[in-house]
Amino acid sequence: MLDHVEMRYGGKNAKDAILRQEVGADVSINAGRFVNGRICPLSMPPQSDFTLSNMSPASFAGNEFNGICVDSGGVSAHTTWDETEAPYVPQSDITVAFGATLTWGPGIVVKPSDSETDFFIDGILNVNGVAGQPVTLTSIRDDTIGGATDNTTNPPARGDWGCILFRSTGTGELNHLELRYGGQGWVALGMLEQDVGASVTINGGAFKYSSSCALATHPQNDFTMINQASTSVIGNETNGVCVRSGGISNTIWDETEIPYVPQSDITVAFGATLTWGPGIVVKPSDSETDFFIDGILNVNGVAGQPVTLTSIRDDTTGGATDNTTNPPARGDWGRILVRSTGSATFNMVELRYGGRSWFNIPVLEQDLGAQVNIAASTFRYNSGCALAIHPQMDVTLTNMSAANVIGNGTNGICVRGGAIAANTTWKETEVPYVPQDDITVNIGVMLTWGPGVVIKPKDFSVEFLIDGILSANGTQSQPIYVTSIYDSTVGGVTISSTTPPAPGQWGRILFRSGSSGTLSHIVLRYGGGDSFFGSYGAIHVDNASPVLRYCMLANNRYGLRSSGTAANPVIEYCNIVGNTTAGIQNDTPNHWISALNNWWGNVNGPNDASNADGFVNNSSGDKVSNFVKYQP
């Protein structure tokens, strides 16, 4: 027991303090004073503590470190640091062993001596701060609490100490803990990090001025947060829970207090499930960050608490996560790719500013074999397509409309080019399908377009090549549309452009020899794009016999072109109007095709100017070639 003692000018070498206590010793100091020591006034191993009374930071002055210096080393037995009179100054790394507990009492201040000092928790760290007496872990140069500990006036800076790392066996109960000015070194992403398997609960914490992330976690883990808010996480390089790259087994992210910030790609393994809880905000760190789903992704937003996946620069939700005022932009993060074994359910999710700016990739993409269900969700300001699918697939959309998909590079379901090798149905009416390249329907396979779907091919080169069957049967109240990507009268504004719709802005539907199709209550307009060989028909028949009824062929280069002696299309009860070259063109002389009972834009029928087939009709209706039977 040291009562009213004053010690001056001690500590003969760099390792000595004026007063030192070893493990197992019990030193109590009452109203002591320690001044002008060479290094530390007091020192101890980490598995120890002094008992101080009637003292304060003013009791320590003129030393290199005005506090209780703590050696590097391990804590292998239950240990408590609870002295508030002077800050604890760890000199290097401290490890809490598995099976051991280190407890920090209310109001203590911990100031690591340098940027290389870390805390490794394999056992238990209990931080027992309370309202009004938080535990503070801060820079040695932070004079706002615990006095002028480094005996200088140098200001604190980000990265003045390292991190607290909870390793796989570690557990933490962190109550009213304030971390400041840490995050330096190669050990961790943030001032506080947990490995997979660790369990950390944070209650009423504050995280400020880290040189890296405020918090960090393995993707297969999550913190438990209580009484937290984004306002308690400020001034860090990244104000959020940084998530390391890696793979995931069954995992839930459900903390809404601050955003999750994935640092690189995250993969949900086959057989595993990643669940995002209501109200969470996810902000990937950069445009390279993707989510690969080989297992299951469940996104469980609810009314009033949607899940938001957005730019790290989007301050409208989750606070100023990147600690700048830079505005968000399209392509600030990558995509979610649901691969062939994966499935994903999105309920009330908002996806913003994704799509990797220089590739304009879809923000949500579904591979062949994957299953994706989306309900009441919004896709905004993404650089590429809102959604993308393999042509042999379809997404399931509910409680959505074109108003849910706005401001993207392409406001629709982009369909990759390729072959359809199994029966497939496109049935979603909420947003248009936007084929990106030629789509082939293989022999023996049927592609079905459901009532009310809208299809807007990307450009004049995109064709549907039918070797099997095309079934496109709309209804009077829900016709099917195949139209220009610039046609905003159906399916909303699909791309942002002032270009008006015009003939030839998509290619054709080509029925090749041996194929078949039934098309009814379908509107085909602005098709017939150019090729090296000339203009197409919106419908092109090559020795095939599709049936078109109750259709509209309007504003195409050709409405329909037919060739081959085995071509026997049936076109009836259709409106054939405004096609610039011809409504129907038969390129095979002496072979008649049938186009009876159609409207040609004039009560007198089509304009048949040539009598080479023995018929002529002078009218202002759409043009028709020879060998087209348009009247009984």
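Each remark here, short or long, concerns the structure printed above.
Quick summary incoming for the structure in this document. Note that the structure is a prediction, hence the values are computed from the model and not measured.

**With respect to the state of the cysteines**
- Here the structure, examined in full by the defined rule, presents four disulfides.
- Shown here is the disulfide that connects C385 with C414, its sulfur atoms set 1.9 Å apart. The sign of the S-S torsion, about -85 degrees, decides the handedness of the disulfide formed by C385 and C414: left-handed. With C385 in strand β44 (residues 385–389) and C414 in strand β47 (residues 410–415), this residue pair connects regions lying 29 residues apart in the sequence.
- The buried category is assigned to C385, whose relative accessible area is 7%.
- Given the relative accessible area of 2%, C414 is considered buried.

**Observations concerning the sheet that holds strand β2 (residues 6–8)**
- Strand order in the open sheet formed by three strands is β2-β5-β8, and the pairing between neighbours is parallel. What marks the edges here is a single partner per strand, and that holds for β2 and β8 (60–61).
- One ladder, built from two bridges, connects strand β5 (residues 33–35) with β8; its direction is parallel. Note on β8: the bridge partner recorded for V35 is A61.

**Side note on unusual backbone geometry**
- In this model, M348 sits at a positive phi of 50 degrees, which is unusual for a non-glycine residue.
- Locating M348 in the fold gives a position in the loop between β39 (343–347) and β40 (349–352).

**Here's the deal with the pairing of strand β20 (residues 171–175)**
- Only one face of β20 is buried: it carries G172 and L174, and the other face, with T171, E173 and N175, is open.
- Relative to β20, strand β17 (residues 124–128) runs parallel, the two being bridged by five bridges. Directly across from I124, in β20, lies its bridge partner T171.
- Here β20 runs beside strand β23 (residues 199–203); their pairing, made up of five bridges, is parallel.

**Some remarks on the pairing of β39**
- Residues A344 and F346 point to one face of β39 and are all buried, whereas S343, T345 and N347, pointing to the other face, are not buried.
- Of the strand pairs in this sheet, strand β36 (residues 296–300) and β39 are connected by five bridges, and their pairing is parallel. Across the sheet, I296 pairs through a bridge with S343, a residue of β39.
- Note: β39 against strand β42 (residues 371–375), five bridges, orientation parallel. Across the sheet, the residue bridging to F346 is I374, located in β42.

**Observations concerning the packing of aromatic side chains**
- Taken as a whole, this structure holds 16 aromatic pairs when the rule is applied.
- The interplanar angle of 20 degrees and the centroid separation of 5.9 Å between the aromatic rings of W253 and W276 together place this pair among those described as stacked. Within this pair, whereas W253 is found in strand β30 (residues 251–253), its partner W276 is found in strand β33 (residues 273–276), the two being separated by 23 residues in sequence.
- Look at W253 and you get buried, because its relative accessible area is 0%.
- In this structure W276 comes out as buried when scored by relative accessible area, which is 0%.

**A closer look at the pattern of salt bridges**
- Taken as a whole, this structure holds 26 salt bridges when the rule is applied.
- We note a salt bridge from E428 to K427, for which the minimum N-O separation is 3.4 Å.
- The class of E428 is buried, set by a relative accessible area of 5%.
- Beyond isolated ion pairs, a larger network of salt bridges with shared partners links D142, E178, R180 and K208.

Definitions and cut-offs
Residues numbered from 1 in each chain as written. Predicted model: local features only at pLDDT ≥ 70, side-chain atom pairs only at ≥ 80, totals over all residues. Heavy atoms only, no water. Disulfide = S-S within 2.5 Å. Helix = DSSP H or I, 4+ residues; strand = E, 2+ residues; numbered from the N terminus. Buried < 20%, exposed > 50% of the residue type's maximum accessible area, 1.4 Å probe, protein only. Pairing = 2+ DSSP bridges. Phe/Tyr/Trp six-rings, centres within 6.5 Å; stacked < 30°, edge-to-face > 60°. Salt bridge = Lys/Arg side-chain N within 4 Å of Asp/Glu carboxyl O.

Everything listed here is a matter of geometry and, on its own, says nothing about what the molecule does.
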